[in-house]
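Below, each chain spelled out in residue letters.
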Amino acid sequence: MVKRKIIIEPDPILRKKSSILEKVDDELRELMDDMLETMYSAPGIGLAAVQIGILKRVVVIDVSKKDEKKKPLFLVNPSINHKSKNLSVHEEGCLSIPGHFAEIERPAECNLTYIDYDGKKRELQAKGLMATCIQHEIDHLNGVLFIDYLSKLKKDMIIKKLKKQKKDIDQVIL
Ligand code: GNR
Ligand code: NI
């Protein structure tokens, strides 16, 4: 397993739509292993392939708590087929938007279909943090970030700060 570099906003790659995968093979499993290692070491509870620069519809998630056994979930071509009418608010963060957090309202529960690590078709009903995380990750596959749900003022402020951070880092390297 290899840890990969996470792409930080603003970056046009993060705004692209990821494409459907045709099959689950060893190459894809290697990518999923790398994504899991990258996510655990960040640390984060979810990661979409686009965040490491790969525009494929694959996501890894693990919402288990620190003292619990790890419970990785690999989602290939995830698709939500039902969202609950009742909404819930969670504080969200994103590994591509480091240091910024915001309360985002989304459907509290969702049902989805996906292909698993072994290429088997599966269904899942999610609620709580898992439902929030799944929706956050599927947004990534469609080029959407949580800051897109904020007011233009808040969103622009966050992007401006991220731009400045990138400039400062480039300054140190040069
Ligand atoms: O690590 C993460 N935490 C998180 C918290 C609340 C809602 C969504 C997330 S996902 C995020 C990792 C990430 O950026 N995934 O794309
Ligand atoms: Ni994210």
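Going by the structure above, here's the rest.
These numbers come from a predicted model, not from an experiment.

**Student:** Is there a simple way to think about the coordination of the nickel ion (ligand 2) in this case?
**Tutor:** For a metal with four tetrahedral donors the ideal donor-metal-donor angle is 109.5 degrees, whereas six octahedral donors ideally subtend 90 or 180 degrees. Taken together, the protein ligands of the nickel ion (ligand 2) are C94 (SG), H136 (NE2) and H140 (NE2), with distances of 2.1 to 2.3 Å. Spacing between the donor residues of the nickel ion (ligand 2) along the chain follows C-x41-H-x3-H. Of this pair, H136 and H140 both sit in helix 2 (residues 128-141), four residues apart, which is roughly one turn of the helix. Since its relative accessible area comes to 9%, H136 is described here as buried. We classify H140 as buried; its relative accessible area is 2%.

**Student:** What's the story with unusual backbone geometry in this structure? I'm lost.
**Tutor:** With the exception of glycine, most residues fall at negative phi, and the peptide bonds are largely trans. The amide bond that connects E9 to the next residue, P10, takes the cis arrangement and shows omega of -5 degrees. Position of P10 among the secondary structure elements: in the segment before helix 1 (26-41). Here the amide bond leading from A42 into P43 is cis, since omega sits at -5 degrees, within 30 degrees of zero. A positive phi angle is found at N77, which is not glycine, with a value near 50 degrees. You can see N77 is positioned in strand 3 (residues 73-83). The exposure class of N77 is buried, given its relative accessible area of 17%.

**Student:** Honestly, the site of ligand 1 in this entry has me stumped. Any pointers?
**Tutor:** In the vicinity of ligand 1 there are 13 residues, among which I45, Q51, L95, E137 and H140 approach most closely. Within the complex, 90% of the 380 Å² of free accessible area of ligand 1 lies under protein. If you list the elements that add at least two residues to the shell around ligand 1, you get strand 4 (87-92) and helix 2. Class assignment for the residues of the shell around ligand 1 results in three nonpolar, seven polar and three charged.

**Student:** Would you take a moment to explain the nonpolar core for this structure?
**Tutor:** For soluble globular proteins, the rule of thumb is that nonpolar side chains tend to be buried together. Formed by 17 residues in total, the largest nonpolar core has its most connected members in V59, I61, L75 and I134. Elements that contribute at least two residues to this core include exactly strand 2 (58-61), strand 3, strand 6 (109-115) and helix 2. If you tally residues by element for this core, the top one is helix 2, at five residues. Among residues more than four places away in sequence, those in contact with I61 are M39, I45, G46, K71, P72, L73, L75, M130, C133, I134 and E137.

**Student:** I'm lost on the pattern of salt bridges in this one. Help?
**Tutor:** Pairing of side chains with opposite charge becomes possible as their charged atoms draw close. Using the criterion set out here, one finds 11 salt bridges in the structure. The closest approach of N and O atoms between K152 and D156, which form a salt bridge, is 2.5 Å. Highlighted residues: K152 and D156, both in helix 3 (residues 152-173), separated by four residues, approximately one helical turn. By relative accessible area, D156 is classed as partly exposed at 34%. A salt bridge links D168 to K164; its shortest N-O distance comes to 3.0 Å. Note that D168 and K164 are positioned in helix 3 at a spacing of four residues, about one turn of the helix. Through salt bridges that share partners, E9, R15, D148 and K155 make up one connected network.

Definitions and limits used
- Residue positions are counted from 1 within each chain, in the order its sequence is given.
- For this description, chains carry letters from A and ligands carry numbers from 1, given in the order in which they are written.
- In keeping with the predicted nature of the model, local features appear solely for residues at pLDDT of at least 70, side-chain atom pairs appear and are counted solely at 80 or more, and the whole-chain, interface and lining totals rest on all residues.
- With hydrogens and water excluded, all non-hydrogen atoms of the structure serve as input to the side-chain values.
- A donor here means an N, O or S atom no more than 2.8 Å from the metal, or no more than 3.2 Å when the metal is Na, K or Ca. Since water is not included, a site may seem to lack partners.
- Only DSSP runs of H or I reaching four residues or more are called helices, and only runs of E reaching two or more are called strands; each is numbered from the N terminus.
- Working definition: with a 1.4 Å probe on protein chains only, accessible area under 20% of the residue-type maximum means buried, over 50% means exposed, and in between means partly exposed.
- The nearness test applies per residue and asks whether one of its heavy atoms lies within 4 Å of the molecule or strand.
- Only the protein chains shown count as covering a residue, and every accessible area follows the Shrake-Rupley method with a 1.4 Å probe.
- Basically, the charged four are Asp, Glu, Lys and Arg, the nonpolar ten are Ala, Val, Leu, Ile, Met, Phe, Trp, Tyr, Cys and Pro, and anything else, Gly included, counts as polar.
- Here the nonpolar core consists of buried residues drawn from Ala, Val, Leu, Ile, Met, Phe, Trp, Tyr and Cys, with membership extended through side-chain atoms lying within 4.5 Å.
- In what follows, a contact means two residues having at least one pair of non-hydrogen atoms within 4.5 Å.
- Any Lys or Arg side-chain nitrogen located within 4 Å of an Asp or Glu carboxyl oxygen qualifies as a salt bridge.

The values reported here are purely geometric and, on their own, carry no functional implication.
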